[in-house]
Amino acid sequence: MARLTVEKLRFSFGYKTILEDISFELNQGEVLSIVGPSGGGKTTLLRLCAGLLDRQEGSIENSFKTQAIAFQDPRLLPWKNVIDNIAFGLKALGVPKAEREKRAREIALTFDLEEEDFDKFPKELSGGMSQRVSFARALVTQPELLFLDEPFSALDIGLKRELQNHIIELIAQKAITIFFITHDIMEAIRLSDKILLLEPDPGRIVKTYTFDRPQPERTDEWVYAETAKLLKDPYIIKTFELELK
Ligand SMILES: Nc1ncnc2c1ncn2[C@@H]1O[C@H](COP(=O)(O)OP(=O)(O)O)[C@@H](O)[C@H]1O
Ligand SMILES: [Mg+2]
């Protein structure tokens, strides 16, 4: 079984320690979230795990064969249209042009992009459409491991739920493994099998929460109730510096 294993990871930018003593395991088919306040080192941890940043101390072993990333900002290529942006990753995999285009169109439609938008360039797209393209681009290659760095944070509540439901479908099909970063406790509860709480300065994991209920069965009522519980947890209160009222 494929697995991402992080052991005793420590990382600094200059003299500032950003991450300390980080250890966890992400197994195939799981959704693991890192939750913590802004500036706590979440993106740094994701970049290390995705191989975008060089490790300093500790070990990272990643046996997933394919991976993709979606960020908070869509980061589309401005000189490519919607379909070519989505198909871009398939080119690197050596998929022939006609097949690339076919798969890009199919996934674009499943993300509710419309035919009339396929030839548009990123500057002609709304923020929401750009994020649909970003998700389609990340998923078109059917990556075994998906890294998500706050990809829902800038979206309105309707689109957020729609894209989350796409992800929940993939989770239900056991079609994907997800390393998810967010500062939003409620969205972490909706999607995760396991949440690691990252306390900042320096970033370290202070508590782990696990959720057994299958994601498609997580009703709003359940999510709200679990969120309310966590917001009363002393570790969450301390990590997010919440005031008790
Ligand atoms: N390239 C960089 N050079 C120096 N410091 C950085 C760099 N990237 C991030 N940092 C610092 O590392 C800390 C953690 O940042 P980040 O991982 O982006 O946190 P988060 O994603 O939790 O908001 C912050 O203090 C940030 O200023
Ligand atoms: Mg970040």
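So, here is what we can say about the structure in this document. (Residues numbered from 1 in each chain as written. Chains lettered and ligands numbered in written order. Predicted model: local features only at pLDDT ≥ 70, side-chain atom pairs only at ≥ 80, totals over all residues. Heavy atoms only, no water.)

Considerations on helix 5 (residues 157-172)
Next up, step 1: With 16 residues, helix 5 ought to run about 22 Å at 1.5 Å a step, and its terminal C-alpha atoms sit 22 Å apart, in line with that.
Next up, step 2: Those residues of helix 5 that sit buried are L159, K160, L163, Q164, H166, I167, I168 and I171.
Next up, step 3: Looking at the buried residues of helix 5, the elements they touch are strand 3 (31-35), helix 3 (97-110), helix 4 (127-139), strand 6 (145-149), strand 7 (177-182) and helix 6 (185-191).
Next up, step 4: At the N-terminal boundary of helix 5, the capping side chain belongs to D156, with an oxygen 3.0 Å from the backbone nitrogen of G158.
Next up, step 5: Taken from the residues just after helix 5, K174 is the one with a positive phi, measuring 55 degrees. (Helix = DSSP H or I, 4+ residues; strand = E, 2+ residues; numbered from the N terminus. Expected span 1.5 Å × (residues − 1). Buried < 20%, exposed > 50% of the residue type's maximum accessible area, 1.4 Å probe, protein only. Contact = heavy atoms within 4.5 Å. Polar contact = N/O pair within 3.5 Å; in protein donor to acceptor, adjacent residues only side chain to side chain.)

Observations concerning the site of ligand 1
Next up, step 1: Every residue near ligand 1 is listed here: F13, K16, I18, P37, S38, G39, G40, G41, K42, T43 and T44.
Next up, step 2: Within the backbone of G39, a nitrogen or oxygen atom sits 2.6 Å from an oxygen atom of ligand 1.
Next up, step 3: In the model, an oxygen atom of ligand 1 is placed 3.2 Å from a nitrogen or oxygen of the G40 main chain.
Next up, step 4: Going through the elements one at a time, strand 2 (16-27) and helix 1 (42-49) are the ones with two or more residues in the shell around ligand 1.
Next up, step 5: It is helix 1 that provides the largest number of residues to the shell around ligand 1, a total of three residues. (Near = heavy atom within 4 Å.)

Some points on the nonpolar core
The nonpolar side chains of a soluble globular protein tend to be buried, and buried together.
Next up, step 1: Counting 37 residues, the largest nonpolar core has I86, L113, L146, L148, F152, I167 and I178 as the members making the most contacts within it.
Next up, step 2: Secondary structure elements with two or more residues in this core: strand 5 (67-70), helix 2 (82-92), helix 3, helix 4, strand 6, helix 5 and strand 7.
Next up, step 3: The element contributing the most residues to this core is helix 4, with six residues.
Next up, step 4: The two domains that each donate at least three residues to this core are domain 1 (1-65 + 148-220 + 235-245) and domain 2 (76-143).
Next up, step 5: Apart from residues lying up to four places away in sequence, L148 is in contact with L46, A70, F135, I167, I178, F179, F180 and I181. (Core = buried A, V, L, I, M, F, W, Y, C linked by side-chain atoms within 4.5 Å. Domains from an automatic or database assignment.)

What to know about empty space enclosed by the protein
Sizing a probe to match a water molecule and rolling it over the atoms shows the empty space that remains.
Next up, step 1: What the rule picks out here adds up to one cavity of 30 Å³ or more.
Next up, step 2: Approximately 40 Å³ is the volume found for the largest cavity.
Next up, step 3: If you go around the largest cavity, the residues you meet are K16, T17, I18, G39, G40, G41, P200, D201, P202 and G203.
Next up, step 4: Split by residue class, the lining of the largest cavity holds three nonpolar, five polar and two charged. (1 Å grid on protein atoms, 1.4 Å probe; cavity = no way out; pocket = protein on both sides within 12 Å on 5 of 7 lines; lining within 4 Å. Points joined across faces, edges and corners; volume = space filled by probe spheres on them. Nonpolar A, V, L, I, M, F, W, Y, C, P; charged D, E, K, R; others polar.)

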